[in-house]
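One letter stands for each residue in the lines below.
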Amino acid sequence: MKIIIFDDDPTGSQTVYGCPLLLNWDEQTLERAFTKSSPLIFILANTRSLSSVLAVKKTREICSAIKKFFLRKGYSKDDYFYISRGDSTLRGHGVLEPAILAEELGPFHATFHIPAFLEGGRTTENGIHYLNGIPVHKTDFGRDNIFGFSTSDLAKWIEEKSFGKILAENILHIEIKQLEMALKNDDGFKSLLTFLSELENNISVVVDAKLPHHLEILARAIKAVSKEKRFLFRTAASFINSLSELPPNPKDTADLVSLKSKNNQFEYKPGLIMVGSHVKLATDQLEFLLKDNSCEGLEISVSKLTDIFALEDYQEAILELEEILLLKINNILIRKKIPVLYTTREEMKFSSDSKRMNFGLQLAEFMAILVGKINNKLGYIISKGGITTQILLQKGLNFNQVDLKGQILPGLSIVTSNSDQFELPVVTFPGNLGNEKTLLESFRLMESNY
């Protein structure tokens with residue numbers, strides 16, 4: 001049974017490999033994706049970059065395209081698992097998006113909320129979601145300017161994000177103890193199956209997970225009742241791995257790094273690093289990276305771009321700024337250094353969240369188009385930040401679909417276009433992943449010659 005994942009940014013495939021990531025959902029693109037042998041199809045909706053109104057519109061648009069495709073092909077929507085993949089630190093439209101999927105692709109007997117991303121230190125215990133042992137609402141992510149929240153208790157978080165439409169007292173909970181019992185003996189597993197088979201009316205269910213086997217036993221139980229029960233999932237990346245049951249990737253790190261593009265002399269071309277994410281971790285990683293003498297930073301002024309975009313006719317000013325930055329990038333490459341393109345770290349003030357998000361899209365598009373104009377000179381790109389990466393793939397490199405090759409580090413995927421024109425690998429680096437050294441580590445891996 002194929003698993004269709006609606007990904008709210010392009011980093012949710014960070015635990016799997018060998019599957020298509022769709023940036024478009026026209027019939028031809030869907031046809032190519034559904035004929036692949038992989039059990040996974042990721043649709044990169046990028047809804048985390050959108051207001052709630054636009055996120056609803058985008059989700060309905062994708063569902064409509066899928067339903068029309070199914071109708072033409074004679075497929076049944078009941079023959080697939082559907083996952084709304086969201087951020088393991090709870091940012092995004094975490095309750096709204098699965099609600100729209102339920103309207104469009106339902107009915108479902110339950111919606112499971114499984115934000116654990118074990119590879120990144122995100123765990124859930126007693127219904128509380130943690131980041132490296134800290135309740136996630138107490139971290140910088142809980143204080144996010146757009147998607148902030150006041151509680152790490154997932155039932156209360158769902159109530160908060162649903163504006164009271166889903167009451168915490170009506171939300172069910174699968175505890176670690178229940179999953180451990182299902183692992184230990186047949187009676188425990190039968191008890192879990194009974195629990196699942198009694199779910200009705202798209203009830204919300206919060207799932208604990210601290211170790212991979214917690215998700216694996218749940219996935220096994222869900223498959224066992226899948227003929228009689230239809231479930232919807234809002235999850236981080238780890239559960240996707242458990243549900244798909246992919247074997248270990250036959251490609252190792254050396255294979256993935258060797259995907260770098262070469263010039264006519266069969267030498268690897270230089271790389272480029274983009275940092276668009278503004279979370280504190282991304283800033284710390286950037287500062288650590290720029291200490292490496294083989295890199296050279298190139299800062300894009302956010303305040304300057306704000307002033308330019310405020311102009312009635314800003315295209316000429318944008319092109320002038322592009323020319324200046326392209327010249328600087330070329331000079332860095334001539335000096336045999338790796339360009340690190342990043343935005344100034346200050347947070348701009350906007351009169352509304354929608355204006356803030358719109359500017360974020362404009363900024364990401366500016367960076368993407370800039371890099372797209374020199375892609376033929378590059379051997380690889382490391383792109384830090386989900387929105388930054390989505391826009392790079394879609395508008396900077398004009399890809400309709402990319403193929404996920406695997407991970408160079410836990411949670412850091414490398415993708416390539418399935419186009420015959422060129423193979424430019426892109427490392428998709430989530431804004432919230434790793435420690436201060438992880439960006440530097442990924443850069444050194446991509447620069448290594450195995």
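The structure reproduced in this document is the subject of the present report. (Residues numbered from 1 in each chain as written. Predicted model: local features only at pLDDT ≥ 70, side-chain atom pairs only at ≥ 80, totals over all residues. Heavy atoms only, no water.)

**Section: the pairing of strand β1 (residues 3–7)**
Burial within β1 is extensive, with 5 of its 5 residues counted as buried. Residues Ile 3, Ile 5 and Asp 7 of β1 are buried on one face, and the alternating residues Ile 4 and Phe 6, pointing to the opposite face, are buried as well. Relative to strand β4 (residues 81–85), β1 runs parallel, the two being bridged by 5 bridges. Residue pairing for β4: Ile 5 is matched across the bridge by Ile 83. Note: β1 against strand β3 (residues 40–44), 5 bridges, orientation parallel. Opposite Ile 5, over in β3, you have Phe 42 as the bridge partner. (Buried < 20%, exposed > 50% of the residue type's maximum accessible area, 1.4 Å probe, protein only. Helix = DSSP H or I, 4+ residues; strand = E, 2+ residues; numbered from the N terminus. Pairing = 2+ DSSP bridges.)

**A word on the packing of helix α12 (residues 315–334) against helix α13 (residues 353–372)**
One can describe the packing of α12 onto α13 by two numbers: an axis separation of 10 Å at closest approach and a directional angle of 50°. Overall, the two elements α12 and α13 adopt an arrangement that is oblique. For the crossing formed where α12 meets α13, the hand is right-handed. Residues Ile 318, Leu 321, Glu 322, Leu 325, Leu 326 and Ile 329 of α12 pack against Phe 366, Ile 369 and Leu 370 of α13. Across the contact of α12 with α13, the residue classes break down as 8 nonpolar, no polar and 1 charged. (Axes fitted to C-alpha atoms, helices over the stretch in contact; angles between N-to-C directions. Parallel < 35°, antiparallel > 145°, perpendicular 65-115°, else oblique. Left-handed = near helix turned anticlockwise from the far one by under 90°. Contact = heavy atoms within 4.5 Å. Nonpolar A, V, L, I, M, F, W, Y, C, P; charged D, E, K, R; others polar.)

**Brief notes about the pattern of salt bridges**
For the coordinates displayed, the defined rule picks out 26 salt bridges. Across the pair Arg 85 and Asp 7 runs a salt bridge whose closest N-O atoms are separated by 2.7 Å. Taken together, the residues Arg 85 in strand β4 and Asp 7 in strand β1 connect sequence positions 78 residues apart. Asp 7 carries the same exposure label as Arg 85, and that label is buried. Among the salt bridges present, the one from Arg 91 reaches Asp 87, with a minimum N-O distance of 2.8 Å. Just as Arg 91 is buried, Asp 87 falls in that class too. Connected via shared salt-bridge partners are Asp 7, Asp 8, Asp 9, Arg 48, Arg 85, Asp 87, Arg 91, Glu 97 and Arg 234. (Salt bridge = Lys/Arg side-chain N within 4 Å of Asp/Glu carboxyl O.)

**Comments concerning the sheet that holds strand β7 (residues 128–131)**
Spatially, β6-β7-β8 is the arrangement adopted by the 3 strands of the open sheet, whose pairing is antiparallel. Lying at the two open borders of the sheet, with one neighbouring strand each, are β6 (122–125) and β8 (134–135).

**Let's talk about the side chain of Asp 87**
Relative to the assigned elements, Asp 87 resides in the loop between β4 and α3 (96–105). Among the polar contacts made by the side chain of Asp 87, one reaches the side chain of Thr 89 at a distance of 2.3 Å. (Polar contact = N/O pair within 3.5 Å; in protein donor to acceptor, adjacent residues only side chain to side chain.)

**So, the packing of aromatic side chains**
Tallied over the entire structure, the rule returns 16 aromatic pairs. Between Phe 309 and Tyr 314 the ring centres are 5.2 Å apart and the planes differ by 90°, which places this aromatic pair in the edge-to-face class. Accessibility expressed as a relative area gives 15% for Phe 309, which makes it buried. Residues Phe 309 and Phe 359 carry aromatic rings whose centres are separated by 6.1 Å and whose planes lie at 75° to one another, so their mutual orientation is edge-to-face. With Phe 309 in helix α11 (residues 302–309) and Phe 359 in helix α13, this residue pair connects regions lying 50 residues apart in the sequence. An aromatic cluster is defined as three or more aromatic residues linked by ring pairs; in this entry it consists of Phe 34, Phe 69, Phe 70, Tyr 75 and Tyr 80. Positioned above the aromatic ring of Tyr 268, the side-chain terminus of Lys 260 is 4.3 Å from the ring centre. We note Lys 262 situated over the ring of Tyr 268; from NZ or CZ to the ring centre the distance is 5.0 Å. (Phe/Tyr/Trp six-rings, centres within 6.5 Å; stacked < 30°, edge-to-face > 60°. Lys NZ or Arg CZ within 6 Å of the ring centre and 35° of its normal.)

**Describing the nonpolar core**
By size, the foremost hydrophobic cluster in this structure holds 79 residues, and its most contacted members are Phe 112, Leu 196 and Phe 239. A per-element tally of this core places α13 first, with 8 residues. Those residues within four positions of Phe 112 in sequence are excluded, and the remaining contacts are Ile 174, Leu 196, Leu 199, Val 205, Val 207, Phe 231, Leu 232, Phe 233 and Arg 234. Counting residues in hydrophobic clusters, the runner-up holds 28 residues, among them Phe 117, Ala 236, Leu 289 and Val 340. (Core = buried A, V, L, I, M, F, W, Y, C linked by side-chain atoms within 4.5 Å.)

**What about the pairing of strand β5 (residues 110–114)?**
Most of β5 sits inside the fold, with 5 of its 5 residues counted as buried. Side chains Ala 110, Phe 112 and Ile 114 of β5 all project onto a buried face; the interleaved residues Thr 111 and His 113 project onto the opposite face, where all are buried too. The sheet contact formed by β5 and strand β10 (residues 203–207) spans 4 bridges and is parallel. The residue of β10 that forms the bridge with Phe 112 is Val 205. Pairing geometry for β5 and strand β11 (residues 231–235), over 5 bridges, is parallel.

**Looking at the environment of Leu 363**
Here Leu 363 lies in helix α13. Along the backbone, Leu 363 and Phe 309 are 54 residues apart, and their C-alpha atoms lie at a distance of 9.4 Å. Apart from residues no more than four positions distant in its own chain, Leu 363 is found in contact with Val 302, Leu 305, Phe 309 and Thr 343.

**Overview of a negative patch on the surface**
A cluster of acidic side chains, namely Glu 312, Asp 313, Glu 316, Glu 320 and Glu 323, defines a negative patch on the protein surface. Within the secondary structure, Glu 320 sits in helix α12. With a relative accessible area of 46%, Glu 320 lands in the partly exposed category. (Patch = residues over 30% accessible without salt bridge, like charges linked within 9 Å, V, L, I, M, F, W, Y side chains within 5 Å. Areas by Shrake-Rupley, 256 points an atom, 1.4 Å probe, with all protein chains shown as cover. Lys, Arg positive; Asp, Glu negative; His and termini not counted. Charge placed at Lys NZ, Arg CZ, Asp CG, Glu CD.)

**Some details on the environment of Arg 444**
By the element assignment, Arg 444 lies in helix α15 (residues 438–447). One polar contact links Arg 444 to Asp 292, side chain to side chain, over a distance of 3.0 Å.

**Concerning α3**
In terms of burial, α3 is largely enclosed, as 7 of its 10 residues are buried. Of the residues making up α3, those classed as buried are Glu 97, Pro 98, Ile 100, Leu 101, Ala 102, Glu 104 and Leu 105. As for α3, its buried residues are in contact with β1, α2 (52–73), β4, β5 and β11.

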